[in-house]
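These are the residues of each chain, in order.
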Amino acid sequence: RILVELVDNDRCIGGITPRCARKALGFYRQFVRGACITTTARAAEMVKLLENTFRAVNIALVNEFAGVARHLGVDIREVVDAAATKPYGFMAFRPGPGVGGHCIPCDPHYLLWQLRSGAVSAPLTETAMGAIAARPHTVVERARSVLADRGRALAGARVLVLGVAYKPGVTDVRESPALTILDDLRRAA
């Protein structure tokens, strides 16, 4: 899958100098079918940070809405699917146990670290990353609640955890929320 993404995805290529960017562009154009745009190294890094922070914020939002929908007795999948029919820039994100991998759970923290060193705040990003960090614990508390509704305790229960990798079709477990969920479940046993 990584080779398909490498070849088909668009690329933002940053160079420390315009000559560096042109050289990198020549290299990528040999095998990338997607669009290749060049910019400065700083702008290219900011592109990556914006894209991954955008995803983090929207994942935190849809996870929050999943809890709201459950409280109001509404099926969140139906809500997301219906919202995705609107032509106003909505992107469908699905609720889940958190985020994993090497980008979304990490990149926004690099941005926040840099901003803190300059005494600049980014409260929306900070809040989203806090919600993302808390999400695996919320999933375990939801399991505890579902079991309690059935007269069972989490301690001693057998809980099947599926999908430990951070996304379908990969074996990579870096930053996988399932690892935190498994740790919390073991502690509750």
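Residues numbered from 1 in each chain as written. Predicted model: local features only at pLDDT ≥ 70, side-chain atom pairs only at ≥ 80, totals over all residues. Heavy atoms only, no water.

Caption draft 1: Summary view of the overall build of the protein. When its secondary structure is counted, the protein shows 7 helices and 2 strands. Counting helices and strands in the order they occur from the N terminus, the protein gives α-β-α-β-α-α-α-α-α. Here the C-alpha coordinates of the protein stretch approximately 65 × 40 × 35 Å along the principal axes. In the protein, the share of contacts with a sequence separation of at least 24, taken over all contacts with a separation of at least 6, comes to 65%. Of the roughly 12,800 Å² of accessible surface on the protein, 59% is carried by carbon and sulfur atoms. Of note, the protein has its 25 positive side-chain charges centred 4 Å away from the centre of its 17 negative side-chain charges. (Helix = DSSP H or I, 4+ residues; strand = E, 2+ residues; numbered from the N terminus. Contact = heavy atoms within 4.5 Å. Areas by Shrake-Rupley, 256 points an atom, 1.4 Å probe, with all protein chains shown as cover. Lys, Arg positive; Asp, Glu negative; His and termini not counted. Charge placed at Lys NZ, Arg CZ, Asp CG, Glu CD.)

Caption draft 2: Inspection of the nonpolar core at higher detail. Residues Ala56, Ile59, Ile76, Val99, Ile104, Met129 and Ile132 are the most contacted members of the largest nonpolar core, which totals 16 residues. Contributing elements (two or more residues each) for this core: α3 (41-72), α4 (76-83) and α6 (123-149). At 6 residues, the largest contribution of residues to this core is made by α3. Core analysis: the second largest hydrophobic core is formed by 7 residues, Leu147, Leu154, Leu185 and Ala188 among them. (Core = buried A, V, L, I, M, F, W, Y, C linked by side-chain atoms within 4.5 Å. Buried < 20%, exposed > 50% of the residue type's maximum accessible area, 1.4 Å probe, protein only.)

Caption draft 3: Expanded view of the state of the cysteines. Going through the model one piece at a time under the given rule, you end up with 0 disulfides. Take cysteine 36: it sits in no disulfide, and the sulfur closest to it among the cysteines is that of cysteine 12, at 9.8 Å. The buried category is assigned to cysteine 36, whose relative accessible area is 13%. Considering cysteine sulfurs only, cysteine 103 is the nearest to cysteine 106, which forms no disulfide, with 7.9 Å between them. (Disulfide = S-S within 2.5 Å.)

Caption draft 4: How the structure looks around the pairing of strand β2 (residues 36-40). Examined bridge by bridge, strand β1 (residues 11-15) and β2 share 5 bridges and lie parallel to one another. When the bridges of β2 are listed, glycine 15 appears paired with threonine 40. Once you follow β1 into helix α2 (residues 18-28) and on to β2, the crossover reads as right-handed. (Pairing = 2+ DSSP bridges. Right-handed = clockwise from strand over helix to strand, strands pointing away.)

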